[in-house]
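# Analysis of the macromolecular model
What follows is each chain in one-letter form.
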Amino acid sequence: MIEMDINQKSILDYFNMNSQQELIDFMKEHPNNQDVLLLKELIARLENDGGDSFE
């Protein structure tokens, strides 16, 4: 799935990370970071929506 790879890379680039594990570790170390909170909210909304909508 090419689109997922592009989105994943964009998120990693935004956080200036090289891997998902590095991002997860950052999120654990900085749970109250505004960008981390927004990313968690986006993930929760996508899970509730079934991943089909960005509304």
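The structure displayed is predicted, hence computed values, not measured ones. (Residues numbered from 1 in each chain as written. Predicted model: local features only at pLDDT ≥ 70, side-chain atom pairs only at ≥ 80, totals over all residues. Heavy atoms only, no water.)

### Here's the deal with the packing of helix H2 (residues 20–29) against helix H3 (residues 34–49)
- Across the interface, H2 lies against H3 with an axial gap of 10 Å and an inter-helix angle of 115°. The orientation of H2 with respect to H3, classified from their angle, is roughly perpendicular. Judged by the sense of rotation from one axis to the other, the crossing of H2 with H3 is left-handed. Here Leu 23, Phe 26 and Met 27 of H2 come into contact with H3, specifically with Val 36, Leu 39 and Lys 40.
- The residue inventory of the contact of H2 with H3, partitioned by class, reads five nonpolar, no polar and one charged. (Axes fitted to C-alpha atoms, helices over the stretch in contact; angles between N-to-C directions. Helix = DSSP H or I, 4+ residues; strand = E, 2+ residues; numbered from the N terminus. Parallel < 35°, antiparallel > 145°, perpendicular 65-115°, else oblique. Left-handed = near helix turned anticlockwise from the far one by under 90°. Contact = heavy atoms within 4.5 Å. Nonpolar A, V, L, I, M, F, W, Y, C, P; charged D, E, K, R; others polar.)

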